[in-house]
Amino acid sequence: MKNHYDTIVVGGGIIGHSVAYSLLKRGQSVLVIEKGEINLKASSAAAGMLAAQAEVTEAGPLFDLARKSRNMFPKLSEELMEVAGIDIELIQNGMLTIAYNKEREEQLKQTVRLQKTLGEEARWLAQEEVVRAEQNLSNQVLGAMYAPNDGQVSAYKLATGFAVASGVLGGRVLEFTEVIDFLIQQGKVQGVKTSQGEFYGEHVVVAGGAWSVNFLEQIGIDLGLYPVKGECLSVLTRDDLITSTIFSEDCYIVPKKDGRLYIGATVIPHSFDEKVTVEGVSRLLHAASELLPSLKNEEWERAWTGIRPQTNDGFPYLGEHPEISGLYVATGHYRNGILLSPITGEIIADIIEGNPLSESASAFSLKGSRRGQYEVTYKR
Ligand code: FAD
Ligand code: GLY
């Protein structure tokens, strides 16, 4: 294997592969280095929702980023089928965010109004309209916000699609290899030191998900990242119990193409624990059965965990380190890394090529007024 590349990507999850794919399309040579097997961490734990409107409910750069990325999926789906032969199982059936009480109804109606003024389609559905659309939902539901353009994919197939397509374009992947340090000379990155030796590159992109925290801190870079554990489970169904993804404050239920329902997810900040707990599963099953009572008769399949990468201000980091030239960070996508994967690849490729960024994309740089008081430090 050669040891010099235009760009080295640290981390073989969906973000690392999306960055690699975008750079390869632009003619770069790229090596992705993964400490375990690729796509086995958060990226395969995800439910695959493209919940730009259901999850990001405030106006601002994150909402802009989320809807731009969501709108990239139809073309991406065709592209990954053509280049990699992988069907990412894109479903564009919309999402229902449920209200059980008046207070939540008011909040959601306000979100509908806001999203309409921002040019997105959103509707408030009264109880009878919800029940007409989804007959198996509980009659305790008061109403719902319907976002017809939110959708979902298979997270694992999307991550695999990016990885296989990257391979087709000449990208290389090195698994079971941990990046342990950067090689830096006179403020410019030269490559990385790994458990299998040194690799050289003009650019190094850190896309290590939640584990970027340990890795960056260990080498003196503190970005204010932290892990958030999430448990999720699946149920096998014989009939189509629901057609849209159902989102409530306590859980979400995602009907996958193969008849499975994915039910998620717990949110446990500051935890790298990858065990599934009885409490987590029982809370999710309880909340999901309240929403969809006939769930109780369906077949249990399995449960799993993933560790989400979160940032102190809730915005991902997409940019170059202010003091180390050629070193970039692409992480902190928290609950929306699947949704944000296509646009992340394009933004990082633009930054590496020196192309101008849109105003909303610039908001995710490592340093700047928008990042508040948090200081990016490098102490070595
Ligand atoms: P990961 O997939 O964790 O990949 C990072 C990789 O980097 C890992 O493989 C790790 O081993 C490797 N690595 C780290 N450090 C090093 C090192 N030093 N050397 C080499 N390799 C290294 N998002 C959505 O958009 N929609 C959803 O519906 C959704 N549902 C979710 C449900 C659950 C239960 C969870 C946990 C998350 C969900 N997410 C969802 C969030 C999404 O999964 C994450 O934001 C996304 O997967 C993060 O991708 P990543 O590539 O940054 O991280
Ligand atoms: N976006 C869903 C989750 O992170 O659980």
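Just so you know, these numbers come straight off a predicted model, no measurement behind them.

1. Some thoughts on the layout of surface pockets
In this model, the second largest pocket occupies a volume close to 400 Å³. If you trace the second largest pocket, you find 23 residues lining it, with Ala54, Glu55, Thr57, Arg104 and Phe247 closest to the centre. Sorting the residues of the lining of the second largest pocket by element identifies helix 3 (52–55) and helix 6 (102–117) as the ones contributing at least two each. The leading source of residues in the lining of the second largest pocket is helix 6, at five residues. Residues of the lining of the second largest pocket, tallied by class, amount to nine nonpolar, eight polar and six charged.

2. Let's talk about the site of ligand 1
Around ligand 1, the structure places 38 residues, and the nearest of them are Glu34, Ser43, Met49, Tyr334 and Arg335. Gly48 places a polar main-chain atom, nitrogen or oxygen, 3.1 Å from an oxygen atom of ligand 1. Note that an oxygen atom of ligand 1 is positioned 2.8 Å from one of the backbone N or O atoms of Tyr334. Surface burial for ligand 1 is 99%, taken as the share of its 1000 Å² of free accessible area covered by protein chains. Listed by contribution, the elements that provide at least two residues to the shell around ligand 1 are helix 1 (14–25), helix 2 (42–45), strand 13 (225–236) and strand 18 (299–311). The greatest single-element share of the shell around ligand 1, amounting to three residues, is contributed by helix 2.

3. A look at the packing of aromatic side chains
One pass over the structure, following the stated rule, counts five aromatic pairs. Ring geometry for Tyr21 versus Phe162: centroids 5.9 Å apart, planes at 55°, classification tilted. Separated by 141 residues along the polypeptide, Tyr21 in helix 1 and Phe162 in helix 8 (residues 155–168) bring together distant segments of the chain. Take Phe162: its relative accessible area is 1%, and that puts it in the buried class. Centroid distance Phe247 to Tyr252: 5.9 Å. Interplanar angle 15°. Geometry classified as stacked. For Phe247, a relative accessible area of 9% corresponds to the buried category. Judged by its relative accessible area of 8%, Tyr252 falls in the buried class. Over the face of the ring belonging to Tyr5 we find Lys2, whose NZ or CZ atom lies 4.8 Å from the ring centre. Across from the ring centre of Tyr262, 5.1 Å away, lies the NZ or CZ of Lys256, which sits over that ring.

4. Description of the pairing of strand 6 (residues 143–147)
With five of five residues buried, strand 6 is to be regarded as a mostly interior element. Residue alternation in strand 6 divides its side chains into two sets, Gly143, Met145 and Ala147 and Ala144 and Tyr146, and both sets are buried. For strand 4 (residues 95–99) and strand 6, the ladder comprises five bridges, and the chain directions are antiparallel. Each residue of the ladder has a partner; that of Met95, found in strand 6, is Ala147. As defined by bridge partners, strand 5 (residues 123–126) adjoins strand 6 across four bridges and the pair is classed as antiparallel. Opposite Arg123, over in strand 6, you have Tyr146 as the bridge partner.

Here is what the cut-offs are and how they apply
- Residues numbered from 1 in each chain as written.
- Chains lettered and ligands numbered in written order.
- Predicted model: local features only at pLDDT ≥ 70, side-chain atom pairs only at ≥ 80, totals over all residues.
- Heavy atoms only, no water.
- 1 Å grid on protein atoms, 1.4 Å probe; cavity = no way out; pocket = protein on both sides within 12 Å on 5 of 7 lines; lining within 4 Å.
- Points joined across faces, edges and corners; volume = space filled by probe spheres on them.
- Helix = DSSP H or I, 4+ residues; strand = E, 2+ residues; numbered from the N terminus.
- Nonpolar A, V, L, I, M, F, W, Y, C, P; charged D, E, K, R; others polar.
- Near = heavy atom within 4 Å.
- Polar contact = N/O pair within 3.5 Å; in protein donor to acceptor, adjacent residues only side chain to side chain.
- Areas by Shrake-Rupley, 256 points an atom, 1.4 Å probe, with all protein chains shown as cover.
- Phe/Tyr/Trp six-rings, centres within 6.5 Å; stacked < 30°, edge-to-face > 60°.
- Buried < 20%, exposed > 50% of the residue type's maximum accessible area, 1.4 Å probe, protein only.
- Lys NZ or Arg CZ within 6 Å of the ring centre and 35° of its normal.
- Pairing = 2+ DSSP bridges.

The values are spatial; any link to function lies outside them.
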